[in-house]
Amino acid sequence: MTTHSATAAIETRGLTRRYRGTAALEDVTLDIHENVITGLLGRNGAGKTTLMSLITAQDRPSSGTVRVNGHAPFERAETIEQMCFVRDNQRYPDDYTLKHAIRAAAIFYPNWSQQTADRLVELFRIPAKPVIKKFSRGQLSSLGIVLGLASRSPITFFDEPYLGLDATARHIFYDELLQDYSAHPRTVILSTHLIDEMDRLLERVVILDRGRVVRHADVEELRGGAYQVAGRSSAVDEFVRGRDTLSTRAIGGLGTAVVQGVLDDEDRRRASHLALEISPVSLQDLVAAYGLGETEHAEHTTSDPTALTGAR
Ligand SMILES: Nc1ncnc2c1ncn2[C@@H]1O[C@H](COP(=O)(O)OP(=O)(O)OP(=O)(O)O)[C@@H](O)[C@H]1O
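Computed from a prediction, not measured in an experiment: that's the story for all the values here. (Residues numbered from 1 in each chain as written. Predicted model: local features only at pLDDT ≥ 70, side-chain atom pairs only at ≥ 80, totals over all residues.)

Draft legend 1. Representation of the overall build of the chain within the structure. Counting its secondary structure elements, the chain contains 11 helices and 14 strands. Computed over the C-alpha atoms, the radius of gyration of the chain is 21 Å, within 12% of the 20 Å expected from 2.2 N^0.38 for a compact globule of 312 residues. Dimensions of the chain along its principal axes, counting C-alpha atoms only, are 65 × 40 × 40 Å. Expressed as a percentage of the 312 residues in the chain, the buried residues total 40%. The contacts of the chain with a sequence gap of at least 6 include a subset with a gap of at least 24, amounting to 70%. (Helix = DSSP H or I, 4+ residues; strand = E, 2+ residues; numbered from the N terminus. Rg over C-alpha atoms; globule rule 2.2 N^0.38 Å. Buried ≥ 20, exposed ≤ 12 C-beta atoms within 10 Å, placed from the backbone. Contact = placed C-beta atoms within 7 Å.)

So, in structure tokens, the structure goes:
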């Protein structure tokens, strides 16, 4: 999953969105790769939905620019048609049933696959009769996923697409996304808090924190560029001194730290001498390490705030 073209499908430059003086997104400059699945990660309020809304022209920036396949999407139907945005709070007209939503999507999306839609409706067991207004949270999410996948849009956004879905339905989504994406490569951007569950889907990640990009990297590169040490707190402290530490955590006399960098033989000897265990760091833990701020509990401290400067 690491081979991909480096062509940018989406370019943002200095993208900023303020709401009454508060920046939801601040100076975001990103190239989102074409035909890659990119995860948009970050804590609540980090700016993920805002970024997707600006790219899909559902909102206007306070400053900065967005280009999709080289064009500003605003008021450009050809560009907007190329994008599908599956929102967690998508509204449908009051009298709409499944059939109406499917028909409208089939008309709107140029690459629509009715066969995919029919199959997914079965798999997710979406009911035909009730108006969508009466759908459960999980059924609404399922419908969004069906429309998003069957649209076969060259650029597809999923904003926390799993809300209310049971574990079986979530895994159907992951499998179907991977399968359809492999058969019909396209640019997929999805925001999620379920990183452990979804990390196998992601090739690249953008980590946002308080409206800013703190990291934009290949998942493999990110995982390979950090490790976790665990053991006695004092030994962890000693080991991480002078290293690029993303986060440290101490509970009782035991500690863990997420450290940026690659271990050499000398580091391993040192860790072993201090009776420390070294392990790979999961994407979830890495993101948590980036997301930790001064508001966290005292036991979860970011020991080196300057480490949060990996934005590219
Ligand atoms: N219409 C609005 N008016 C005022 N503030 C807003 C508006 N929309 C978003 N915000 C603020 O902008 C910030 C970013 O919100 P956004 O919804 O983009 O975050 P998010 O990363 O998607 O969060 P979550 O993971 O909770 O969905 C938040 O502080 C939010 O309160």
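There is more to say, and it comes next.
Draft legend 2. Expanded view of the site of the ligand. Around the ligand lies a shell formed by Tyr-19, Ala-24, Gly-42, Asn-44, Gly-45, Ala-46, Gly-47, Lys-48, Thr-49 and Thr-50. Considered class by class, the residues forming the shell around the ligand number three nonpolar, six polar and one charged. (Near = placed C-beta within 6 Å. Nonpolar A, V, L, I, M, F, W, Y, C, P; charged D, E, K, R; others polar.)

Draft legend 3. Expanded view of the nonpolar core. Counting residues in each nonpolar core, the largest one holds 77 residues, and the members touching the most others are Leu-143, Val-146, Ile-207, Val-229, Val-258 and Leu-286. In terms of residue count, helix 5 (residues 137-150) provides more of this core than any other element does, seven residues in total. Not counting chain neighbours up to four residues away, the residues in contact with Val-229 comprise Val-236, Phe-239, Val-240, Thr-256, Ala-257, Val-259, Ala-271, Leu-276 and Ile-278. (Core = buried A, V, L, I, M, F, W, Y, C linked by C-beta atoms within 7 Å.)

Draft legend 4. Representation of the packing of helix 4 (residues 114-124) against helix 6 (residues 167-183) within the structure. At a minimum axis distance of 11 Å, the contact between helix 4 and helix 6 shows a crossing angle of 160°. As summarised for this structure, helix 4 and helix 6 are arranged roughly antiparallel, according to the angle between their axes. Helix-helix and strand crossings are classified by hand; for helix 4 and helix 6 the assignment is right-handed. Contacts between helix 4 and helix 6 involve Thr-116, Leu-120, Leu-123 and Phe-124 from the first element and Ala-169, Ile-172, Glu-176 and Asp-180 from the second. Broken down by class, the residue content of the contact of helix 4 with helix 6 amounts to five nonpolar, one polar and two charged. (Axes fitted to C-alpha atoms, helices over the stretch in contact; angles between N-to-C directions. Parallel < 35°, antiparallel > 145°, perpendicular 65-115°, else oblique. Left-handed = near helix turned anticlockwise from the far one by under 90°.)

Draft legend 5. Quick look at the sheet that holds strand 9 (residues 212-218). Strand order in the open sheet formed by six strands is 5-6-7-3-8-9, and the pairing between neighbours is mixed. Of all strands in the sheet, those bounded by a partner on one side alone are strand 5 (83-86) and strand 9. Going across the sheet, the axis of each strand differs from the next one's by a mean of 15°, ignoring polarity. Of the strand pairs in this sheet, strand 3 (residues 37-41) and strand 8 (residues 204-209) are connected by four bridges, and their pairing is parallel. If you follow Leu-41 over to strand 8, its bridge partner there is Ile-207. (Pairing = 2+ DSSP bridges.)

Draft legend 6. Quick look at the environment of Asp-267. Among the secondary structure elements, Asp-267 is positioned in helix 10 (residues 265-273). Taking the C-alpha atoms as reference points, Asp-267 and Val-188, separated by 79 residues in sequence, lie 38 Å from one another.

Draft legend 7. Geometry of the environment of Tyr-162. Of note, Tyr-162 is situated in the loop between strand 6 (155-159) and helix 6. Taking the C-beta count within 10 Å as the criterion, Tyr-162 has 24 such neighbours and is therefore assigned buried. Considered as a pair, Tyr-162 and Leu-140 are 22 residues apart in the sequence and their alpha carbons are 9.7 Å apart. Setting aside residues no more than four positions away along its own chain, Tyr-162 makes contact with Ser-141, Arg-170, Phe-173 and Leu-194.

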